[in-house]
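For reference, the chains in residue letters:
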Amino acid sequence: MATYTVHPDALDLLFVSGDELSVLLDFEQNLTGYQFSTGIYEVAEVVNGAVVATTPFARNFTITPVDLSQGSLNLSLSETDTSAFNPSVTYRWYLRWVAPGIVTRTVVAGSINVRLP
């Protein structure tokens with residue numbers, strides 16, 4: 001039996017609490033006209049390797065277009081934002097876009113791990 005799978009690319013993030021974070025993403029396609037959203041959530045429960053319970057996190061990435069015609073955009077968190085993460089909690093994040101023609105896709109996702117300085 002065949003399986004058709006569409007998964008986001010994986011990009012795990014590791015940063016120090018209280019440091020500014022800036023992530024430049026470069027997609028090999030024109031993103032002009034796309035709408036973007038991100039989400040960060042705490043992983044409350046994992047069963048057999050799958051996330052089954054989550055809690056939305058109070059902070060989120062700032063999305064800054066760099067050159068959409070070349071597929072570049074930046075995600076960032078301020079020093080205040082990264083200070084809000086608890087190093088003992090597991091987090092996940094994602095980037096979703098809506099392409100012209102109303103096609104929604106989660107294109108990048110991963111874990112977030114925070115360390116103390």
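Residues numbered from 1 in each chain as written. Predicted model: local features only at pLDDT ≥ 70, side-chain atom pairs only at ≥ 80, totals over all residues. Heavy atoms only, no water.

Asks: Whenever I open this one, the sheet that holds strand β7 (residues 72–77) confuses me. Can you help?
Replies: Strand pairs in the sheet, formed through backbone hydrogen bonds, run parallel or antiparallel to each other. Ordered by their spatial adjacency, three strands build an open sheet running β3-β7-β6, and the pairing between neighbours is antiparallel. Strand pairing shows two members of the sheet lacking a second neighbour, β3 (21–26) and β6 (62–67), which therefore form its edges. Put simply, the sheet's adjacent strands are angled 25° from each other on average, direction ignored. By the bridge criterion, six bridges tie β3 to β7 in an arrangement that is antiparallel. Opposite Ser22, over in β7, you have Ser76 as the bridge partner. (Pairing = 2+ DSSP bridges. Helix = DSSP H or I, 4+ residues; strand = E, 2+ residues; numbered from the N terminus. Axes fitted to C-alpha atoms, helices over the stretch in contact; angles between N-to-C directions.)

Asks: Would you mind going over unusual backbone geometry with me for this structure?
Replies: Phi is mostly negative for residues that are not glycine, and the peptide bonds are mostly trans. Even without being a glycine, Ile102 presents a positive backbone phi close to 65°. Mapping Ile102 onto the fold places it in the loop between β8 (91–99) and β9 (103–115).

Asks: Help me understand the nonpolar core in this model?
Replies: Buried together is how nonpolar side chains tend to be arranged in soluble globular proteins. Formed by 25 residues in total, the largest nonpolar core has its most connected members in Phe27, Ile40, Phe61, Phe85, Trp93 and Ile112. Among the secondary structure elements, those contributing two or more residues to this core are β2 (13–16), β3, β7, β8 and β9. With five residues, the single largest contributor to this core is β8. Look past the residues within four positions of Trp93 in its chain and what remains in contact with it is Leu11, Leu13, Gly39, Ile40, Phe61, Leu75, Val108, Ala109, Gly110, Ser111 and Ile112. (Core = buried A, V, L, I, M, F, W, Y, C linked by side-chain atoms within 4.5 Å. Buried < 20%, exposed > 50% of the residue type's maximum accessible area, 1.4 Å probe, protein only. Contact = heavy atoms within 4.5 Å.)

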